[in-house]
Amino acid sequence: MAAVSSPTVLPISNPQTTVAAAADTQQTINGVGPTPALRSFINRISDAVQGGLSNRRPWAELVDRSAFSKPETVSDATLRIRKNYSYFRTNYLTLLALVLAFSLITHPFSLILLTGLLAAWLFLYLFRPSDPPLVLFGRQFSERETLGILIVSTVVVIFLTSVGSVLVSALMIGLAIVCTHAAFRVPEDLFLDEQESPASGFLSFLATTSGPAVSARV
């Protein structure tokens, strides 16, 4: 009587893991999805924003009415602006961002144009792998042609539409608010940590974004 052979045991894989891996592979093949450089850039911005917000001063301290007085001279106002900016830097940058955001929201056409322009720079040049080349509408564009088109598009959007005037006016209004507050806020009660890094806060990611951007073009 022939011996009964045991059935072959097949390895069991997690269906969800297999599907996710296949999806990631398909995205990589088709060039769809964020590149590692783009993900690193987004993570750096997120970390910078979170770190900057954690270092902001209390808003009650910013609007303390008892600490306001008229500066005696222009040099006194300039000194106050420098000290107050060093102390309330994150708060002032937040105010500028809010003024800019409000200006763009109240001008939706400018917001759409600026968002499209930024997306074009990110996905068509800065964080797009140089291989394979860019193909749009059945035509292949070299890296130099792509850069030239983006530069021309930037000039057109900034200088020939309302985007430029909206950005300039928002920045001017924001700077006027910040400078007026800093000039009239007496900084004698403020204690600034001299060891605080000047690159900390919202703009700290700018010092490290050149690495991912360069690697994306290689």
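Residues numbered from 1 in each chain as written. Predicted model: local features only at pLDDT ≥ 70, side-chain atom pairs only at ≥ 80, totals over all residues. Heavy atoms only, no water.

In the annotation of an unreviewed UniProt entry, the protein chain is listed under the name PRA1 family protein and assigned to Datura stramonium. Check the Subcellular location (unreviewed entry) section of the UniProt entry for the protein chain; it says "Membrane". Of the comments in the UniProt record for the protein chain, the one headed Function (unreviewed entry) reads "May be involved in both secretory and endocytic intracellular trafficking in the endosomal/prevacuolar compartments." (UniProt positions renumbered as here; feature names shortened; annotations may be inferred.)

A. Just the pattern of salt bridges, in detail. In total, this model carries 1 salt bridge according to the counting rule given. A salt bridge links arginine 80 to aspartate 76, with the nearest nitrogen and oxygen atoms 3.7 Å apart. A residue pair is termed a helical-turn pair when its members lie 3 or 4 positions apart in one helix, as arginine 80 and aspartate 76 do in helix 4 (residues 74-87) at 4 residues. Exposure remark for arginine 80: the relative accessible area of 8% places this residue in the buried category. For aspartate 76, a relative accessible area of 21% translates into the label partly exposed. (Salt bridge = Lys/Arg side-chain N within 4 Å of Asp/Glu carboxyl O. Helix = DSSP H or I, 4+ residues; strand = E, 2+ residues; numbered from the N terminus. Buried < 20%, exposed > 50% of the residue type's maximum accessible area, 1.4 Å probe, protein only.)

B. Representation of the packing of helix 5 (residues 89-105) against helix 8 (residues 162-184). Put simply, helix 5 and helix 8 touch, their axes get as near as 9 Å, and they point 145° apart. Note that helix 5 runs across helix 8; the crossing there is right-handed. Residue-level contacts link Tyr92, Leu96, Val99, Leu100, Ser103 and Leu104 of helix 5 to Val166, Leu167, Ala170, Leu171, Ile173, Gly174, Leu175, Ile177, Val178, His181 and Ala182 of helix 8. Looking at the contact of helix 5 with helix 8 residue by residue, the class counts come to 14 nonpolar, 3 polar and no charged. (Axes fitted to C-alpha atoms, helices over the stretch in contact; angles between N-to-C directions. Left-handed = near helix turned anticlockwise from the far one by under 90°. Contact = heavy atoms within 4.5 Å. Nonpolar A, V, L, I, M, F, W, Y, C, P; charged D, E, K, R; others polar.)

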